[in-house]
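# Per-entry structural report
What follows is each chain in one-letter form.
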Amino acid sequence: MPEQPLSLPLVFDEPRGRRKPPRHLADLSAEERRALVVEAGLPGFRARQLSTHYFSRLVDDPAAMTDLPAAQREQLVSALLPHLMTPLRTLEADRGTTRKTLWRLFDGALVESVLMRYPGRVTMCVSSQAGCGMACPFCATGQGGLQRNMSSAEIVEQVLAGARSLSRGEVPGGPGRVSNVVFMGMGEPMANYKAVIGAVRRLTEPAPDGLGMSARGITVSTVGLVPRMRQLAEEGIPVTLALSLHAPDDELRNELVPVNTRWSVHEAVEAAWNYARTTKRRVSIEYAMMRDINDQAWRADLLADVLTSYGDWGWVHVNLIPLNPTPGSRWTASRREDEREFVRRLEARGVPTTVRDTRGSEIDGACGQLAALDT
Ligand code: SAH
């Protein structure tokens, strides 16, 4: 009797969770898209048509792509516009102008994104990894470890989803556009460098190759992976860099941001300064204010010493984030008066300082609260 052909479904070919996300046009440059379409035996200009639907018209329903012949449409959509993620839940705050979405990715991994509409701008806070391997003890995402890197298209799709709901008028304030993207959702963007750069390129390339956003409206936030910060400085894309410092001294930072044992305060700040010097973009120092942990007046002075040691040519500003306590956390937000004194001391030394608002904290959508534990 002939042997039965083995017909296990593809999903068993690799361990669960190890398959790559399906390839999507937002993973590819315009030339790569075209090459792929030609390889499939279709006219190359179809790639541009598809890109126009995705990036310019914000269409995600293939049935609406009526300029594509029906027979080719299916082939094109399955090759370049696969379904990447499913919204499981959307929570709203601030009368609908803050919206957090929980997404399920193709392999079941969960990530979150947050849309924040302010007068005159809309910021999308996006995830770059499912989970995070940096293990900062005060951050909700840091507690669960890293599941996997996200693809460029999975990152871009979070922005596009926001863009679509804005264009459909679903966010109070009338139809609008995404003006800013911050890589401050789940994950460490510099630990998923290639995909993050790919996503930034797609977001900034002029339509229809990309979304046509200004690189200046994009902020990449990092724990301080120094070699990647140096690489980013040479990339020639003028995004804003944010360094999550949280302490001006190695002793405390080793505890709050464990990667500090690899790259010290001095090395991380120097890499931030190098970024500012190379790109002429002012960098942002993130500092989550934790009561009686890192908010003492002497630490404000020490932070000013560290930052001004690179000169006072306006290369840096400090963004204080009131800590959003995560469940079971032993840290809590600073007292108002300590926060005020911290700001006063930095400004007295000529370091511009702002205190971040805590939009979305009641829907666990604020900085460091994105955990995606709820299935
Ligand atoms: N991995 C990147 C992006 C993380 S989220 C980074 O660390 O920069 C963006 C910012 O939120 C970081 O500065 C992070 O330290 C901060 N953050 C994390 N948990 C927080 C919390 N519970 N309260 C306030 N800020 C927090």
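Because the structure is predicted, anything quoted here is derived from the model rather than measured. (Residues numbered from 1 in each chain as written. Predicted model: local features only at pLDDT ≥ 70, side-chain atom pairs only at ≥ 80, totals over all residues. Heavy atoms only, no water.)

Right, let's talk about the site of the ligand for a bit. Taken together, the neighbourhood of the ligand is formed by 22 residues, with Glu188, Ser221, Ser244, His246 and Asn324 sitting nearest. Side-chain polar atom of Ser221 to an oxygen atom of the ligand: 2.6 Å apart, as the coordinates give it. Residue Asn324 places a main-chain N or O atom 2.8 Å away from a nitrogen atom belonging to the ligand. Within the complex, 96% of the 540 Å² of free accessible area of the ligand lies under protein. Elements with a minimum of two residues in the shell around the ligand: β8 (218-222), β10 (283-289) and β11 (316-322). (Near = heavy atom within 4 Å. Polar contact = N/O pair within 3.5 Å; in protein donor to acceptor, adjacent residues only side chain to side chain. Areas by Shrake-Rupley, 256 points an atom, 1.4 Å probe, with all protein chains shown as cover. Helix = DSSP H or I, 4+ residues; strand = E, 2+ residues; numbered from the N terminus.)

Attention now goes to the domain arrangement of the protein. Domain parsing of the protein yields domain 1 (25-80) and domain 2 (85-373). Summarising the inter-unit geometry, the C-alpha centres of domain 1 and domain 2 are found 33 Å apart. Domain 1 puts 14 residues into the contact, and the matching count from domain 2 is 16 residues. Taken over both partners, the interface formed by domain 1 and domain 2 buries close to 1,300 Å², and the fraction arising from carbon and sulfur atoms is 55%. If you sort the residues of domain 1 by the area they bury against domain 2, Tyr54, Phe55 and Leu58 come out on top, with a joint share of 43%. Across the contact surface, domain 1 and domain 2 share 5 residue pairs in polar contact (both at pLDDT 80 or more). Classifying every residue of the side of domain 1 that touches domain 2 gives 6 nonpolar, 4 polar and 4 charged. (Domains from an automatic or database assignment. Contact = heavy atoms within 4.5 Å. Buried area = accessible area lost by both parts, 1.4 Å probe. Nonpolar A, V, L, I, M, F, W, Y, C, P; charged D, E, K, R; others polar.)

To continue, consider the packing of helix α9 (residues 297-308) against helix α10 (residues 336-348). As a packed pair, α9 and α10 sit with axes 9 Å apart at the nearest point and diverge in direction by 30°. Judged by the angle between their axes, α9 and α10 are roughly parallel. Relative to α10, α9 is oriented so that their crossing is right-handed. In contact with Ala297, Arg299, Ala300, Asp301, Leu303 and Ala304 of α9, α10 contributes Glu341, Phe342, Arg345 and Leu346. Tallied by class, the residues present in the contact of α9 with α10 amount to 6 nonpolar, no polar and 4 charged. (Axes fitted to C-alpha atoms, helices over the stretch in contact; angles between N-to-C directions. Parallel < 35°, antiparallel > 145°, perpendicular 65-115°, else oblique. Left-handed = near helix turned anticlockwise from the far one by under 90°.)

Within strand β3 (residues 110-118), 9 of the 9 residues are buried, which leaves the element mostly enclosed by the surrounding structure. In textbook terms, the turn of a hairpin is the stretch between consecutive antiparallel strands, and for strand β2 (residues 98-105) and β3 this stretch comprises 4 residues, one of which, Gly108, has a positive phi near 95°. Sheet topology note: the β3/strand β4 (residues 121-125) ladder contains 5 bridges and is antiparallel. Each residue of the ladder has a partner; that of Arg117, found in β4, is Val122. Turn length for the β3-β4 hairpin, with the two strands adjacent in sequence and antiparallel, is 2 residues, and the turn residue Gly120 shows positive phi of about 85°. (Buried < 20%, exposed > 50% of the residue type's maximum accessible area, 1.4 Å probe, protein only. Pairing = 2+ DSSP bridges.)

Counted residue by residue, β2 has 7 buried out of 8 residues, so it is predominantly covered. Relative to β2, strand β1 (residues 85-93) is paired through 8 bridges, and the arrangement is antiparallel. Paired with Thr90 across the two strands is Thr101, which belongs to β2. Here β1 folds back onto β2, and the loop between the two strands holds 4 residues, one of which, Asp94, carries a positive phi near 50°. The pairing of β2 with β3 spans 7 bridges and is classified as antiparallel. The partner of Arg104 across the bridge, within β3, is Leu110.

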